[in-house]
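Listed below are the residues making up each chain.
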Protein chains: 4
Amino acid sequence: MPNTNLTLNTFLLLSMISFTCDYIEGAHPLILKRLVETNMTQVEGYGEDPFCEAARDKIREATGCPSADVFFLVGGTQTNSTVIDAMLRRYEGVVAVETGHIAVHESGAVEFSGHKVITIPGHNGKMNPEDLRQYLHHFHADPTWPHMVYPGMVYISFPTEYGTIYTRDELSAIKAICDEYEIPLFIDGARLGYGLMSPAADINLRELAQLCDVFYIGGTKVGALCGEAVVFSRGNAPRQFFTIVKQHGALLAKGRLLGLQFDTLFTDELYFKIAQHAIDMAMELKRMFASKGFEFYIDSPTNQQFPILAKEQIDALEGKVLYEVWDTLPDGRYITRFATSWATPRENVELLAQML
Amino acid sequence: MPNTNLTLNTFLLLSMISFTCDYIEGAHPLILKRLVETNMTQVEGYGEDPFCEAARDKIREATGCPSADVFFLVGGTQTNSTVIDAMLRRYEGVVAVETGHIAVHESGAVEFSGHKVITIPGHNGKMNPEDLRQYLHHFHADPTWPHMVYPGMVYISFPTEYGTIYTRDELSAIKAICDEYEIPLFIDGARLGYGLMSPAADINLRELAQLCDVFYIGGTKVGALCGEAVVFSRGNAPRQFFTIVKQHGALLAKGRLLGLQFDTLFTDELYFKIAQHAIDMAMELKRMFASKGFEFYIDSPTNQQFPILAKEQIDALEGKVLYEVWDTLPDGRYITRFATSWATPRENVELLAQML
Amino acid sequence: MPNTNLTLNTFLLLSMISFTCDYIEGAHPLILKRLVETNMTQVEGYGEDPFCEAARDKIREATGCPSADVFFLVGGTQTNSTVIDAMLRRYEGVVAVETGHIAVHESGAVEFSGHKVITIPGHNGKMNPEDLRQYLHHFHADPTWPHMVYPGMVYISFPTEYGTIYTRDELSAIKAICDEYEIPLFIDGARLGYGLMSPAADINLRELAQLCDVFYIGGTKVGALCGEAVVFSRGNAPRQFFTIVKQHGALLAKGRLLGLQFDTLFTDELYFKIAQHAIDMAMELKRMFASKGFEFYIDSPTNQQFPILAKEQIDALEGKVLYEVWDTLPDGRYITRFATSWATPRENVELLAQML
Amino acid sequence: MPNTNLTLNTFLLLSMISFTCDYIEGAHPLILKRLVETNMTQVEGYGEDPFCEAARDKIREATGCPSADVFFLVGGTQTNSTVIDAMLRRYEGVVAVETGHIAVHESGAVEFSGHKVITIPGHNGKMNPEDLRQYLHHFHADPTWPHMVYPGMVYISFPTEYGTIYTRDELSAIKAICDEYEIPLFIDGARLGYGLMSPAADINLRELAQLCDVFYIGGTKVGALCGEAVVFSRGNAPRQFFTIVKQHGALLAKGRLLGLQFDTLFTDELYFKIAQHAIDMAMELKRMFASKGFEFYIDSPTNQQFPILAKEQIDALEGKVLYEVWDTLPDGRYITRFATSWATPRENVELLAQML
């Protein structure tokens, strides 16, 4: 590794094992291989290249949506704010749970585009269909509603920010409510692969694509250097979405970088295979923590695990393992997050087990 | 090349030589090499990784601005709208020439953030200091100015959209006017390398960094897959610029992708060397066109050349060479653009010469 | 009354007594008198007229803020969104309670300008200083805060949307927290007069002006046809606030209409006297309801009263009295709102008493 | 006149005659009379009152548009930015001439809502149909248009900022072009009455209403204290326009103030009669200047006249007459603006004549 400017902090990091998140490595090696192979091929910019075209076709096939409109954007916050702004009318807001990524961790990108994020309670990160129904019913029953922000769209994430996932029945219920009120359902799939490969998942990609109006297949956290594939399942992209993407600063000049990555991820089911690996590692981590008597803050069936650690354990891992501390409990213990990814080596889980 | 889904159009393209723009290839091979080498190194996200840190240091060194704030964004339009929105007060607009990229080809991204692009006449893409002075003088002399958009910043590009560049004296004059009116000067350097390496340039990177308040070093068009390095020369980044970048959807999760590319480009002067190659090819192209008696729409000293072609010549190149047709002249001839890049093979120039 | 186009609904309304809100009548007669007297006087537009100047002086005197910047805007929602957008930095949001007017009943006007309304729990419409402190502490302690919306300002209303008011101690506590975090405190005074004249108020206008950074004196609901007087207590108006007001569509061409109204309201303490009348009527209403055994949803000390009515009482008032029904209780009774104003005739209260 | 706080400046103004603009007096006396008469009538807020209803009916009658949607907003800039933002899609801009009010004198209110004002050349304030056609043709012929701001609407003013008006043929031509490109035509009628009553007008209100998609009838400058009546001629108001108006801070709580004024202005053709008076005075002014040998900057057929004055004449009027100086000519003479209004006394014109 030629870089001689690495800071001390990094040397520490390099010698430690890390579960801090699912974007600490680069890209799946097959992606890099193809980047190298195709590097000098001259292609059009802005997503009009054959790599993007091939990726679109493969995504249409994988989602079972032959008429889907597929666009490649660069990152999650960008995708959320662009899609939401494009789908909403000027005076509408988007409904999300209080812990939704757009409500908490996107620096107000949705509000920056002029729209309110209307929050309803979350349940381990999930939206309860009944809460949604009650909110919408209450809104429409309130005679002062024209003075309020009209709920023009529903946003959920799959899996959620807390690693939980929706069952097919839950998704169907939410979609049915959206249909009743004639508003679209948008699924943030920044970690979509990890949700679909979860042992708790009773839904596949094709079914999910049918149960919403627009969603995206997260690349950044599932094997790509960057990139999110937005899918308007029924060819229902807003008029001039290309221009809207550009207006939001979300159009990549060398669209090939995105197209080629998704083309690779959707060749030979690579996307699903590497997501499965992350899930396998997460379940091993979960079993390991459970077998040692740790409690969990949330019972997550995906690649994020939330064991509760005592001070001694925090101390024991100090300088050896990286992970996130989310909060403290009244009894002084810590809520932590350990994330696996397509790149997590099995030995890291084993090393961690030995330290606890 | 494993992709079997290439369209007919692409096969044509692959067998043709292309001068359509400076982002038709991937990245400089050294960048890909380092991406591969560092791929499994685990690092922090959001630009807090050692590659970004190293790149920042090297850019501070190369620009002669030891206290500069350096940020890495993904693309040009995104960078323009984020920097402009961050630097302007809420009620201010940005002054640009009529042909400025932000005024014409960014889908209204600046207006999307709430600011007017105030245009003054351009001269082959350049802003005339005297025009700027007159505009500002006239504005401040108008008693109704509080009802107008306050000019809070000046935007120029180096090189311009027409390939022209500013001399040191011109830049100094513009900067002096900005200082007089106490407004910042922002230089769009999407093609900065090609401007600095131009035989007509009488200014280097360090001098340019001193003659503005913020600028960016374009990566997308000069050897990178993506990425623009924003430099606030005097450590004058707006408060919480990081959050503003995120709010604008411009924060890359795997910041390493940007850091590593700029770290590579600013190691051993790679950025300048590859820009020099593009300039060499452009000058060869220019000489070739001139020697064959072609006129030019603009006398460009950088990597974009604008020869005027007659219908017969257009026909002669059909199916063999790709380039852009910008406009038609009253006499029926065509204004064309031939762009070279760090990746343009010398033989392509020679092949083109044989066809004309 | 010459208008012959009145609808049936209005005839009903005219023959009924109404407590629906505090803006159902026109303006205090003295205001109309002066509008008539000064009508043909030729003056400058846009608030540069002598009426505005006189009003500004009187407000500076009444608020005890000799260096205050005073601006006249037209309506409440407009004033809230303009002041908030002008005071906040681009990436900041405003903290309010969940029931705050800006959070609920302004059609997302704050978000329209790009800023998030960050909500914390309300207590009968009021912000608890301790809640604010905890929220701010928690925000700043969270290492991910640069990915969140920075709390750049605190918004409270006096009185609140539920008719409650803050004590001097509560206001002082909130202001101290704002000072600690170096963010301004903004008081929405759409019904300011009714708060200050409440028997529960232990604070006067001068004290209130010291305990915040900007507030407004509501005209629309306290005797004027329209108009809100924004007071930056310490001459701390944002740079070019005039232009910002225009940019937000909030600048009235005939500023005289606003200036003359506030000049009148702040001559001989008219503003306070008419607010006192509304409070007197509200207290009489309150005593009347209480004496008849009604419970209240909220114990309001201002001009909005919230008695709980049973179905029979709702029926009894049908077609005779107008008021608002806010919600139903689990036991089937109704939360209602009866509002008095500067214009409420005493006999209306007596008539209502006879019907219950 | 009871106000004792008038500044010296005002006393000067009171003793001078003023032609500075058309909003220096209050309202037509009939409006004040009716405000007084109806003052204590209790009505609904937010434009749901019988005065607004009556005014809407009369405007539907006067415009010959029985199914028109009519809304009352407070001021011109506010109306322009609200209507434009409501009619445009998110990525669209509005086409106007360079001297259009929205392009020059609204502090960027349109851009504040996220939309670009796309300017084409003006001709004495007017848009040339041929210029519009060429611009639209050129835009749609440019293959890079998806990277540009889509022209989604055309804005013109009648009369223009320079007092000129469109003929029926010119308006028809512009409307036909808009129809061809399927974009709406919006007419800013801040001074509509003065345009329709011009001796040069060959079009009436009903015809104008048919030749656009939305326009407004200016009240502020034609007899009202404030208020602009927006007319969507074919009942084509954007969905939830009421909410959009509120979101833009343009909804007046006491909508009665607007409704009653327009009800009065559209009773017995008051609006047209008082506009006719202003035109009569302007034509007298014009004849007077012409008879004394003055040249005009623009040959205006409406209430704004632009005589060119020499230094001696400027000096002669000093301290006696108020008017606007717009600019200086190369020969040292001044372009001035003298505006008449519904309130201009004939003797003021005669007094002015004596001074020149």
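Located above this text is the structure these notes cover.
I will try to describe carefully the structure that is included in this document.

### Quick word on the overall build of chain A
- What chain A contains, in helices and strands, is 15 helices and 13 strands.
- Relative to the 2.2 N^0.38 estimate, which gives 21 Å for 356 residues, the radius of gyration of chain A is 21 Å and therefore close to what a compact globule would have.
- On the principal axes, the C-alpha backbone points of chain A span a range of 60 × 55 × 35 Å.
- The buried share of chain A, taken over its 356 residues, is 65%.
- Considering only intrachain contacts with a sequence separation of at least 6, the fraction spanning at least 24 residues in chain A is 72%.
- Carbon and sulfur atoms form 51% of the exposed surface of chain A, whose accessible area is close to 11,800 Å².

### Things to note about the packing of helix α13 (residues 270-291) of chain C against helix α15 (residues 346-355) of chain C
All names here are of chain C.
- One way to put it is that α13 packs onto α15 with a least axis distance of 10 Å and a crossing angle of 10 degrees. Between α13 and α15, the crossing angle belongs to the class labelled roughly parallel. Here Met281, Glu284, Leu285, Met288 and Phe289 of α13 lie close against α15, whose contacting residues are Arg346, Val349, Leu352 and Ala353.
- When grouped by side-chain class, the residues that make up the contact of α13 with α15 number seven nonpolar, no polar and two charged.

### Some remarks on the interface of chain D and chain C
- With 65 residues of chain D at the interface, the matching set in chain C holds 64 residues.
- Between chain D and chain C, the buried area comes to about 5,600 Å², and carbon and sulfur atoms account for 62% of it.
- The largest contributions to the chain D side of the interface with chain C come from D:Gln42, D:Phe112 and D:Lys254, which together make up 15% of the buried area.
- Counting across the interface, chain D meets chain C through zero salt bridges.
- Broken down by element, the residue count for the side of chain D that touches chain C peaks at seven residues, all from helix α2 (residues 29-38) of chain D.
- For the side of chain D that touches chain C, a count of residues per class yields 31 nonpolar, 23 polar and eleven charged.

### Focus on the relation of the copies chain A and chain B
- In screw terms, the move from chain A to chain B is a rotation of 180 degrees and a rise of 0.0 Å along the axis, fitting with an RMSD of 0.0 Å. Look at the turn and shift together and you get a two-fold axis relating the two.
- Take the interface residues of chain A: 98% of them recur as interface residues in chain B, which is what a same-surface contact looks like.

### Overview of empty space enclosed by the protein
Residues and elements named next belong to chain C.
- Taken as a whole and assessed by the stated rule, the structure comprises 15 cavities of 30 Å³ or more.
- A volume near 340 Å³ is recorded for the largest cavity.
- Surrounding the largest cavity, 29 residues form its lining, Gly76, Thr77, His101, Ala190 and Lys221 being those nearest its centre.
- When residues in the lining of the largest cavity are grouped by element, the largest group, four residues, is from helix α4 (residues 76-87).
- Partitioned by chemical class, the residues of the lining of the largest cavity number eleven nonpolar, ten polar and eight charged.

### Examining the environment of B:Gly125
Residue and element names in this part refer to chain B.
- With respect to the helices and strands, glycine 125 occurs in the loop between β4 (117-120) and α7 (129-141).
- With a relative accessible area of 3%, glycine 125 lands in the buried category.
- Separated by 24 residues in the primary sequence, glycine 125 and histidine 101 place their C-alpha atoms 9.7 Å from one another.
- Ignoring any residue separated from it by four or fewer positions in sequence, one finds glycine 125 in contact with Val97, Thr99, Thr160, Glu161, Tyr162, Thr164 and Tyr166.

### A word on the interface of chain A and chain B
- In this complex, chain A contributes 65 residues to the contact, which on the side of chain B involves 65 residues.
- Buried surface at the junction of chain A and chain B, both sides included, amounts to about 5,600 Å², of which 62% is carbon and sulfur.
- The largest share of the area that chain A buries against chain B comes from A:Gln42, A:Phe112 and A:Lys254, three residues that together contribute 15% of it.
- Our count for the chain A to chain B interface comes out at 26 residue pairs in polar contact (both at pLDDT 80 or more).
- Going through the elements one at a time, α1 (8-15), β1 (17-18), α2 (29-38), α3 (50-63), α4 (76-87), α6 (109-112), α11 (241-247) and α12 (256-265) of chain A are the ones with two or more residues in the side of chain A that touches chain B.
- With seven residues, α2(A) is the single largest residue contributor to the side of chain A that touches chain B.

### So, the pattern of salt bridges
All names here are of chain D.
- Going through the model one piece at a time under the given rule, you end up with 92 salt bridges over all chains.
- Residues aspartate 57 and arginine 60 are paired through a salt bridge, measuring 3.0 Å at the closest nitrogen-oxygen approach. Of this pair, aspartate 57 and arginine 60 both sit in helix α3 (residues 50-63), three residues apart, which is roughly one turn of that helix.
- Arginine 60 sits in the buried class, given a relative accessible area of 19%.

### Some words on the sheet that holds strand β3 (residues 92-97) of chain A
Residues and elements named next belong to chain A.
- If you walk across this open sheet you meet the seven strands as β2-β8-β7-β6-β5-β3-β4, and the pairing is mixed. With one partner strand each, in any of the chains shown, β2 (69-73) and β4 (117-120) form the two edges of the open sheet. Taking each pair of neighbouring strands and ignoring which way they run, the sheet shows an average axis angle of 25 degrees.
- Judged from the five bridges that link them, β2 and strand β8 (residues 228-232) form a sheet pairing that is antiparallel. Pairing of aspartate 69 across the sheet is with phenylalanine 232, part of β8.

### What about the side chain of C:Gln42?
- Turning to its location among the elements, C:Gln42 is positioned in the loop between α2 (29-38) and α3 (50-63).
- Exposure remark for C:Gln42: the relative accessible area of 11% places this residue in the buried category.

### Notes on the relation of the copies chain D and chain C
- Take chain D, turn it by 180 degrees, move it 0.0 Å along the axis, and it overlays chain C with an RMSD of 0.0 Å.
- An overlap of 98% is found between the interface residues of chain D and their copies at the interface of chain C, pointing to a shared contact surface.

### Observations concerning the sheet that holds strand β6 (residues 185-188) of chain B
Residue and element names in this part refer to chain B.
- Taken in spatial order, the seven strands make up an open sheet running β2-β8-β7-β6-β5-β3-β4, and their pairing is mixed. Each end of this open sheet is capped by a strand with a single partner; those strands are β2 (69-73) and β4. On average, adjacent strands in this sheet sit at an angle of 25 degrees to one another, irrespective of strand direction.
- Where strand β5 (residues 150-157) and β6 come together, four bridges link them in parallel fashion. Its bridge partner lying in β6, valine 154 is registered against leucine 185.
- Helix α3 (residues 50-63) rests against β2, β7 (214-218) and β8 (228-232) of the sheet, and its axis sits at about 125 degrees to β2.
- Contacts from α7 reach β3 (92-97), β4 and β5, with the element oriented near 170 degrees to β5.

### Some thoughts on helix α4 (residues 76-87) of chain B
- Relative to the 16 Å expected for twelve residues at 1.5 Å per residue, α4(B) spans 16 Å between its end C-alpha atoms, a close match to the ideal helical length.
- Within the span of α4(B), buried status applies to B:Thr77, B:Gln78, B:Thr79, B:Asn80, B:Ser81, B:Thr82, B:Val83, B:Ile84, B:Asp85, B:Ala86 and B:Met87.

### A look at the packing of aromatic side chains
- The tally for this structure, following the rule as stated, stands at 98 aromatic pairs over all chains.
- A ring pair is formed by C:Phe71 and C:Phe241, whose centres lie 4.8 Å apart and whose planes are at 70 degrees; its orientation type is edge-to-face. Residue C:Phe71 is located in strand β2 (residues 69-73), and its partner C:Phe241 is located in helix α11 (residues 241-247); the two are separated by 170 residues in the primary sequence.
- For C:Phe241, a relative accessible area of 2% translates into the label buried.
- Taking 6.3 Å as the distance between ring centres and 45 degrees as the angle between the ring planes, the aromatic pair formed by C:Tyr135 and C:Phe139 counts as tilted. On the criterion of helical spacing, the pair formed by C:Tyr135 and C:Phe139 is a turn pair, its members being four residues apart in helix α7 (residues 129-141). The pair formed by C:Tyr135 and C:Phe139 is uniform in burial state, with each residue classed as buried.
- Each residue in the set A:Phe19, A:Phe289, A:Phe294, A:Phe296, A:Tyr323 and A:Phe338 is aromatic and connected to the rest through ring pairs, giving one cluster.
- One residue, B:Lys126, lies across the ring of B:Tyr166, its end atom 5.5 Å from the ring centre.

The rules behind the values
- Going along each chain's sequence as written, the residues are numbered from 1 onward.
- By the order in which they are written, chains take letters starting at A while ligands take numbers starting at 1.
- In keeping with the predicted nature of the model, local features appear solely for residues at pLDDT of at least 70, side-chain atom pairs appear and are counted solely at 80 or more, and the whole-chain, interface and lining totals rest on all residues.
- Side-chain figures throughout are based on the complete set of non-hydrogen atoms in the structure, without hydrogens or water.
- What counts as a helix is a DSSP run of H or I of at least four residues, what counts as a strand is a run of E of at least two, and both are numbered from the N terminus.
- Each radius of gyration reported is based on C-alpha atoms, and the globular scaling rule is 2.2 Å times the count of residues to the power 0.38.
- Per-residue accessibility, obtained with a 1.4 Å probe over protein chains only, is compared with the maximum for each type, and a residue is labelled buried under 20%, exposed over 50%, and partly exposed between these values.
- Here, two residues are considered to be in contact whenever any of their heavy atoms come within 4.5 Å of each other.
- Only the protein chains shown count as cover for residues, and the accessible areas themselves come from Shrake-Rupley with a 1.4 Å probe.
- Lines are fitted to the C-alpha atoms to define the axes, a helix being fitted only along its stretch in contact, and any angle between axes, read from their N-to-C directions, falls within 0 to 180 degrees.
- Comment on the angle field: the value is read as roughly parallel under 35 degrees, roughly antiparallel over 145, roughly perpendicular from 65 to 115, and oblique elsewhere.
- For this scheme, ten residues count as nonpolar: Ala, Val, Leu, Ile, Met, Phe, Trp, Tyr, Cys and Pro. Four count as charged, namely Asp, Glu, Lys and Arg, and the remainder, Gly too, count as polar.
- Defined in terms of a 1.4 Å probe, buried area is the accessible area two parts forfeit on being brought together, summed over both.
- Salt bridges are defined by distance alone: a side-chain nitrogen of Lys or Arg within 4 Å of a carboxyl oxygen of Asp or Glu.
- To line up the copies, we fit them by least squares on C-alpha atoms, keeping just the residues with pLDDT of at least 70 in both.
- Definitions used for this entry: grid spacing 1 Å over protein atoms alone; cavity, a set of points where a 1.4 Å probe fits but cannot get out; pocket, an open set with protein on both sides within 12 Å along at least 5 of 7 lines; lining residue, one with an atom within 4 Å of a point.
- Grid points are joined across faces, edges and corners, and a volume is the space filled by probe spheres set on the points.
- Definition of a polar contact: a pair of N or O atoms within 3.5 Å, with one able to donate and the other able to accept a hydrogen when the atoms are protein atoms, and with sequence-neighbouring residues admitted only if both atoms are side-chain atoms.
- Criterion used throughout: strands pair if DSSP finds at least two bridges between them.
- Helix span, as expected, comes to 1.5 Å for every residue beyond the first.
- In summary, the pairing rule links any two rings of Phe, Tyr or Trp, Trp by its six-membered ring, whose centres are within 6.5 Å, and it sorts them by plane angle into stacked for under 30 degrees, edge-to-face for over 60 and tilted for everything else.
- We call a charge positioned above a ring when the Lys NZ or Arg CZ atom is no farther than 6 Å from the ring centre and deviates by at most 35 degrees from the ring normal.

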